[in-house]
Amino acid sequence: MLEFIDVSVCFHSGTADEKMALDHVSLRIEDGDFICVLGTNGAGKSTLLNVISGAIPVTSGKILLDGEDITHLPEHKRARAIGRLFQDPLKGTAPNMTIEENLGLAYSRGKRAGFHRAIKKKDRRFFIEKLSALHLGLEERLKTKVGLLSGGQRQALTLLMATIVTPKLLLLDEHTAALDPKTAASIMEISEEIIKQHQITTLMITHNISQALLYGNKTIILNEGKIVKVLEKEERKQTSVEDLLAMYDFV
Ligand code: ADP
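Residues numbered from 1 in each chain as written. Predicted model: local features only at pLDDT ≥ 70, side-chain atom pairs only at ≥ 80, totals over all residues.

Asks: Would you mind going over helix α5 (residues 151–163) with me for this structure?
Replies: Helical periodicity: at 3.6 residues per turn, an α-helix aligns residues three or four positions apart in one direction. With 13 residues, α5 should cover 18 Å at 1.5 Å per step; its first-to-last C-alpha distance of 18 Å lies within 8% of that length. The set of residues buried in α5 consists of G152, Q153, R154, Q155, A156, L157, T158, L159, L160, M161, A162 and T163. (Helix = DSSP H or I, 4+ residues; strand = E, 2+ residues; numbered from the N terminus. Expected span 1.5 Å × (residues − 1). Buried ≥ 20, exposed ≤ 12 C-beta atoms within 10 Å, placed from the backbone.)

Asks: Help me understand the site of the ligand in this model?
Replies: Lining the immediate surroundings of the ligand are F11, K19, A21, G39, N41, G42, A43, G44, K45, S46 and T47. Those elements that provide at least two residues to the shell around the ligand are β2 (19–29) and α1 (45–53). Per-element accounting of the shell around the ligand gives the leading share, three residues, to α1. When its residues are assigned to classes, the shell around the ligand shows three nonpolar, six polar and two charged. (Near = placed C-beta within 6 Å. Nonpolar A, V, L, I, M, F, W, Y, C, P; charged D, E, K, R; others polar.)

Asks: Sorry, what's going on with the environment of K218 here?
Replies: Relative to the assigned elements, K218 resides in strand β9 (residues 218–223). Sequence-wise, K218 and C36 are 182 residues apart; in three dimensions their C-alpha atoms are separated by 6.3 Å. Once residues within four sequence positions are removed from consideration, K218 is found in contact with D33, I35, V230, L231, E232 and K233. (Contact = placed C-beta atoms within 7 Å.)

Asks: Can you help me understand the pairing of strand β10 (residues 226–231) in this one?
Replies: Note on strand geometry: in a regular strand, side chains alternate between the two faces of the sheet. Relative to β10, β9 is paired through five bridges, and the arrangement is antiparallel. Residue pairing for β10: I220 is matched across the bridge by V230. Between β9 and β10, which pair antiparallel and follow one another directly, the connecting turn spans two residues, one of which, E224, has a positive phi of 50°. (Pairing = 2+ DSSP bridges.)

Asks: How do you make sense of the sheet that holds strand β4 (residues 60–65) when you look at a structure like this?
Replies: Either a parallel or an antiparallel arrangement is found when strands of a sheet pair, and the pairing is made through backbone hydrogen bonds. One open sheet accounts for four strands, arranged β2-β1-β4-β5; its pairing is antiparallel. Strands at the two margins of the open sheet, each flanked by one partner only, are β2 and β5 (68–69). Inspection of the sheet shows strand β1 (residues 2–11) paired to β2 by seven bridges, in the antiparallel sense. Bridging across to β2, E3 finds its partner in R28. Packing against the sheet, α1 makes contact with β1, β2 and β4, and its axis sits at approximately 65° to β2. (Axes fitted to C-alpha atoms, helices over the stretch in contact; angles between N-to-C directions.)

Asks: Even after reading the chapter, I still don't get the nonpolar core, so can you show me in this structure?
Replies: Most often, soluble globular proteins have nonpolar side chains that are buried together. Core analysis: the largest hydrophobic core is formed by 59 residues, its most contacted members being V37, V51, I52, L157 and L171. For this core, the leading source of residues is α5, giving six residues. Each of domain 1 (2–81 + 167–250) and domain 2 (94–165) gives at least three residues to this core. Beyond its immediate stretch of four places on either side in the chain, L171 contacts L49, I52, S53, I82, R84 and L203. (Core = buried A, V, L, I, M, F, W, Y, C linked by C-beta atoms within 7 Å. Domains from an automatic or database assignment.)

Asks: Explanation requested: the sheet that holds β10 in the structure shown.
Replies: Reading across the sheet, the six strands line up as β6-β7-β8-β3-β9-β10 and stay open at both edges, with mixed pairing between neighbours. Strands with a single pairing partner mark the edges of an open sheet, and in this sheet they are β6 (82–85) and β10. On average, each strand axis in the sheet is tilted by 20° relative to the strand beside it, whichever way the strands run. Relative to strand β8 (residues 201–205), strand β3 (residues 34–38) runs parallel, the two sharing four bridges. Bridge pairing in β8 links F34 to T202.

Asks: I keep staring at helix α6 (residues 181–198) and nothing clicks. Help me out?
Replies: Taking 1.5 Å of rise per residue, 18 residues should cover 26 Å, and α6 covers 26 Å from first to last C-alpha, within 8% of that figure. All buried positions along α6 are accounted for by I187, M188, S191, I194 and I195. Mapping the buried residues of α6 onto a view down its axis gives an arc of 135°, with all of them on the same face. The exposed set on the far side of α6, more than 90 degrees from its buried face, consists of K182, E189, E193, K196 and Q197. (Arc of directions from axis to C-beta.)

Asks: Would you explain the domain arrangement of the chain in this entry?
Replies: It is common to report an interface's size as the accessible area lost on association of the parts. Partitioning the chain into structural domains gives domain 1 (2–81 + 167–250) and domain 2 (94–165). Look at where the C-alpha atoms of domain 1 and domain 2 centre, and you get two points 26 Å apart. Counting residues at the interface gives 15 residues for domain 1, matched by eleven residues for domain 2. Counting residues per element, the side of domain 1 that touches domain 2 draws most heavily on α6, at seven residues. Residues that form the side of domain 1 that touches domain 2 fall into these classes: nine nonpolar, five polar and one charged.

Printed below as a string of structure tokens:
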């Protein structure tokens, strides 16, 4: 379980540029929750994910992961428990390394077996099995440099890397927004399958209103650093895209 207790993030405190990116946010995320995070530009969505991953510090408040206070835990110490994908498929992979080497890095980091180690036969079999499940033919291209892949293939690989050792949390920051609609739909399908299969607690930022009702079990709307609406499963079922748009407009 992930818990936010009165978390605030203030940038440029005490100056004319002061900005409360998160304003006293309290939130409980249960194990297995798949939460869609909505909000206009500048609402605080990325900041919410950034304080979970440890990319930026909180100004006040606490973050607990399974009861452990991780508020001041450095980012690299959270990396094993938290997988993250960004809008840009170029983030998160090493373009000059092969598919197999990228997976090897992700796997050894997750396993804490040192930053890099030689890929063993049984690892290779495991990678082939995981890649085959993506149905993109990447299992035939273990020695292909990642820089040669398309955006969609690369995002699928990044997803696999982020989840190859099941993380406690998966943070998806508009991870399909840079892809064409067909590829985006296929990446969402793959994401949902992996999330469901491993019951990974997930937060997904999206600007796609229908995606925000279709995926996961909860939707939250942020505005000006505050959570202004939480739609639980039952309420979500009765919410149409138009209803959600109206809430969105309202905030
Ligand atoms: P969203 O992801 O919802 O678009 P962000 O979380 O990126 O919003 O940003 C929330 C607010 O905090 C915005 O006004 C943004 O300009 C500001 N902000 C975000 N990151 C920083 C930063 N590193 N330094 C200064 N201001 C920032």
